Amino acid sequence: MKMTETELSDKELVNALHSKYNLLVSEISKAIVGQDEIIRQLIISILARGHCLLIGVPGLAKTLIVKTLAEVLDLSFNRIQFTPDLMPSDITGIEILEQSYDKSDKFKFVKGPVFANIILADEINRTPPKTQSALLEAMQEHKVTAAGKTYSLDEPFFVLATQNPIEQEGTYPLPEAQLDRFMFNLWLDYPSFTEELEIIRKTTSSYEPDLRKVFSKNEILAFQDLVRRVPVSDEVISYAVRLVSKTRPGSEDAIPLVKKYINWGAGPRASQNLILAAKTNCLLEGRFSPGKSDIDKAALPVLRHRLIANFNAEADGMPVTSIISELLRE
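Rules of the game
Residues numbered from 1 in each chain as written. Predicted model: local features only at pLDDT ≥ 70, side-chain atom pairs only at ≥ 80, totals over all residues. Heavy atoms only, no water. Helix = DSSP H or I, 4+ residues; strand = E, 2+ residues; numbered from the N terminus. Rg over C-alpha atoms; globule rule 2.2 N^0.38 Å. Contact = heavy atoms within 4.5 Å. Areas by Shrake-Rupley, 256 points an atom, 1.4 Å probe, with all protein chains shown as cover. Lys, Arg positive; Asp, Glu negative; His and termini not counted. Charge placed at Lys NZ, Arg CZ, Asp CG, Glu CD. Pairing = 2+ DSSP bridges. Axes fitted to C-alpha atoms, helices over the stretch in contact; angles between N-to-C directions. Buried < 20%, exposed > 50% of the residue type's maximum accessible area, 1.4 Å probe, protein only. Polar contact = N/O pair within 3.5 Å; in protein donor to acceptor, adjacent residues only side chain to side chain. Salt bridge = Lys/Arg side-chain N within 4 Å of Asp/Glu carboxyl O. Expected span 1.5 Å × (residues − 1). Patch = residues over 30% accessible without salt bridge, like charges linked within 9 Å, V, L, I, M, F, W, Y side chains within 5 Å. Core = buried A, V, L, I, M, F, W, Y, C linked by side-chain atoms within 4.5 Å.

Undergrad: Quick one: what's the story with the overall build of the chain, residue by residue and with numbers?
TA: Regarding its fold elements, the chain presents 14 helices and 11 strands. Over its C-alpha trace the chain gives a radius of gyration of 21 Å, about what one expects of a compact globule, namely 20 Å for 330 residues. Taken along the three principal axes of its C-alpha coordinates, the chain extends 70 × 55 × 50 Å. For the chain, restricting intrachain contacts to residue pairs at least 6 apart in sequence, the fraction spanning at least 24 positions comes to 76%. Accessible surface computed for the chain: about 16,800 Å², of which carbon and sulfur atoms make up 53%. Once the 38 positive and 44 negative side-chain charges of the chain are each reduced to a mean point, those two points are 3 Å apart.

Undergrad: Mind laying out the sheet that holds strand E8 (residues 158–163), listing which residues take part and the relevant values?
TA: Taken together, the five strands give an open sheet; going across it, the order is E2-E5-E8-E1-E9, and neighbouring strands pair in parallel fashion. Since the sheet does not close on itself, it has two edges, and those belong to strand E2 (77–81) and strand E9 (184–187), each with one partner. Recorded for the sheet is a direction-independent mean angle of 20 degrees between the axes of neighbouring strands. In terms of strand pairing, strand E1 (residues 52–55) meets E8 through four bridges, oriented parallel. Bridging across to E8, Leu 53 finds its partner in Ala 161. Helix H2 (residues 36–47) contacts E1, strand E5 (118–122), E8 and E9 of the sheet and is inclined by roughly 165 degrees relative to E9.

Undergrad: Run through the side chain of Arg 306, naming residues and quoting values.
TA: Within the fold, Arg 306 resides in the loop between helix H12 (292–303) and strand E11 (308–309). Taking relative accessible area as the criterion, Arg 306 reaches 5% and is therefore assigned buried. In this structure the side chain of Arg 306 is engaged in a polar contact, spanning 2.5 Å, whose partner is the side chain of Asp 180. A distance of 2.9 Å separates a polar atom in the side chain of Arg 306 from the backbone oxygen of Phe 182.

Undergrad: Can you lay out the side chain of Gln 224 for me, pointing to particular residues and giving the numbers?
TA: Note on placement: Gln 224 falls in helix H8 (residues 217–229). Setting aside anything within four residues of it in sequence, one finds Gln 224 in contact with Ile 46, Leu 47, Arg 49 and Pro 156.

Undergrad: Give me the lowdown on helix H3 (residues 62–72), citing residues and values where you can.
TA: Taken together, the buried positions of H3 are occupied by Lys 62, Ile 65, Val 66, Thr 68, Leu 69, Ala 70 and Val 72. Looking one or two places after H3, you find Asp 74, whose phi comes out positive at around 55 degrees.

Undergrad: Which residues make up unusual backbone geometry, and what values go with them?
TA: Geometrically, the link from Glu 155 to Pro 156 is a cis peptide bond, its omega value of -5 degrees lying close to zero. For Pro 156, the position within the fold is in the loop between strand E7 (149–152) and E8. Even without being a glycine, Asp 74 presents a positive backbone phi close to 55 degrees. Positive phi is not limited to glycine here, since His 142 has a value of about 60 degrees. Here His 142 shows up in the loop between helix H5 (129–141) and strand E6 (143–146).

Undergrad: Any chance you could break down the pattern of salt bridges for me, citing the residues and the numbers?
TA: Tallied over the full model, the rule gives 17 salt bridges. The partner of Glu 285 in a salt bridge is Arg 40, and the shortest N-O contact between them spans 3.4 Å. Placement of the pair is Glu 285 in the loop between helix H11 (268–284) and H12 and Arg 40 in helix H2, with a sequence separation of 245 residues. Residue class for Glu 285 comes out partly exposed when judged on its relative accessible area of 32%. Given the relative accessible area of 14%, Arg 40 is considered buried. Through salt bridges with shared partners, one network takes in Arg 40, Glu 285, Arg 287, Asp 294 and Lys 297.

Undergrad: Describe the pairing of E7, naming the residues involved and giving the relevant values.
TA: As paired elements, E6 and E7 share four bridges and run antiparallel to each other. Paired with Lys 143 across the strands is Ser 152, a residue of E7. Between E6 and E7, which pair antiparallel in sequence order, lie two residues; one of them, Ala 147, sits at a positive phi of approximately 55 degrees.

Undergrad: So what about H12? Which residues, and what values?
TA: Each α-helix turn comprises 3.6 residues. Residues three or four places apart therefore point the same way. With 12 residues, H12 extends 16 Å from end C-alpha to end C-alpha; this agrees with the ideal 16 Å at 1.5 Å per step. Of the surrounding secondary structure, the elements contacted by the buried residues of H12 are H2, E9, helix H9 (234–245), H11 and helix H14 (320–329).

Undergrad: Which residues make up the environment of Ser 29, and what values do they have?
TA: Position of Ser 29 among the secondary structure elements: in the loop between helix H1 (5–28) and H2. Engagement of the side chain of Ser 29 in a polar contact is seen with the backbone oxygen of Ser 26, the distance being 2.5 Å.

Undergrad: Which residues make up a nonpolar patch on the surface, and what are the values?
TA: Among the surface-exposed residues, Ile 94, Ile 96 and Val 110 lie close enough to one another that they form a single nonpolar patch of about 220 Å² accessible area. Among the structural elements, Ile 94 can be located in strand E3 (residues 93–99). With a relative accessible area of 46%, Ile 94 lands in the partly exposed category.

Undergrad: Tell me about the nonpolar core, and name the residues and values.
TA: Counting 74 residues, the largest nonpolar core has Leu 42, Leu 73 and Ile 295 as the members making the most contacts within it. For this core, the leading source of residues is H11, giving nine residues. When sequence neighbours within four positions are dropped, the list of residues in contact with Leu 73 reads Leu 24, Ile 46, Phe 215, Ser 216 and Ile 220. Counting 27 residues, the second largest nonpolar core, distinct from the first, contains Ile 55, Ile 80, Leu 153 and Phe 182.

Shown next, in the form of structure tokens:
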């Protein structure tokens with residue numbers, strides 16, 4: 001069967017993405033030791049037009065990972081340190097009164113740090129809800145409204161918010177409805193002994209990684225459009241929806257662990273993100289359509305922050321991750 005010009009171009013895009021992804025990982029490894037799965041999930045999230053919540057203790061190179069990613073992707077990068085006194089205008093921007101040479105006064109909008117392609121929202125739970133909401137609105141709408149005017153954010157737009165799992169005093173935990181806005185919830189673990197040896201060697205010497213640009217902004221936008229065009233079989237979509245429905249204790253399909261330990265399951269946005277992550281994952285591997293295994297790979301980071309455990313789970317020491325693993329085994 002003869003392929004159309006569009007199908008041929010999509011095939012070429014898939015091959016280009018597969019080869020460029022391998023080159024991208026190679027470039028990132030010059031600055032980041034290990035954390036391969038975290039980096040892969042971040043790239044999947046960017047290409048799927050999602051956002052990530054990264055949880056990890058201080059000193060695990062969260063900032064360096066995002067900064068390196070922005071550099072090899074040839075994207076602008078801003079880091080926002082969230083503090084209790086941070087105001088919404090400190091993120092989105094503010095209007096100032098400007099006097100021109102003809103002595104006429106006019107207002108000028110000064111853009112805030114959210115106007116960048118990649119945003120690192122460091123310790124997002126340390127700022128009050130109204131400031132959190134300002135960022136989350138920008139994440140959802142890709143727009144900022146100030147003084148009655150709407151300003152579009154530059155595409156692509158990706159937010160990586162971090163939280164410290166140790167210190168909870170003086171923090172403002174994100175409500176569940178806002179957590180649902182994040183495509184992935186990623187847990188950054190300690191490096192292995194071998195990886196830590198390599199980290200110490202590099203960071204205590206004069207080593208400076210020479211990073212090359214791998215993706216241009218236009219290429220990323222083209223790959224984001226490609227993800228949306230990937231065909232998915234009804235069987236795979238049904239598998240994803242069935243998996244999510246099993247997380248709801250009121251569902252007929254819910255497994256006993258869910259009925260016993262979960263108060264609220266995941267909503268339709270989880271199913272959407274599972275499919276988008278599966279599409280992106282298959283493209284990174286050079287395939288043209290996702291299977292059930294691609295859904296399984298995305299299940300943990302997509303569902304982890306969307307299942308609300310009850311008191312029984314805490315009392316019995318039953319983590320949400322174990323429930324998700326049991327769902328996949330079922």
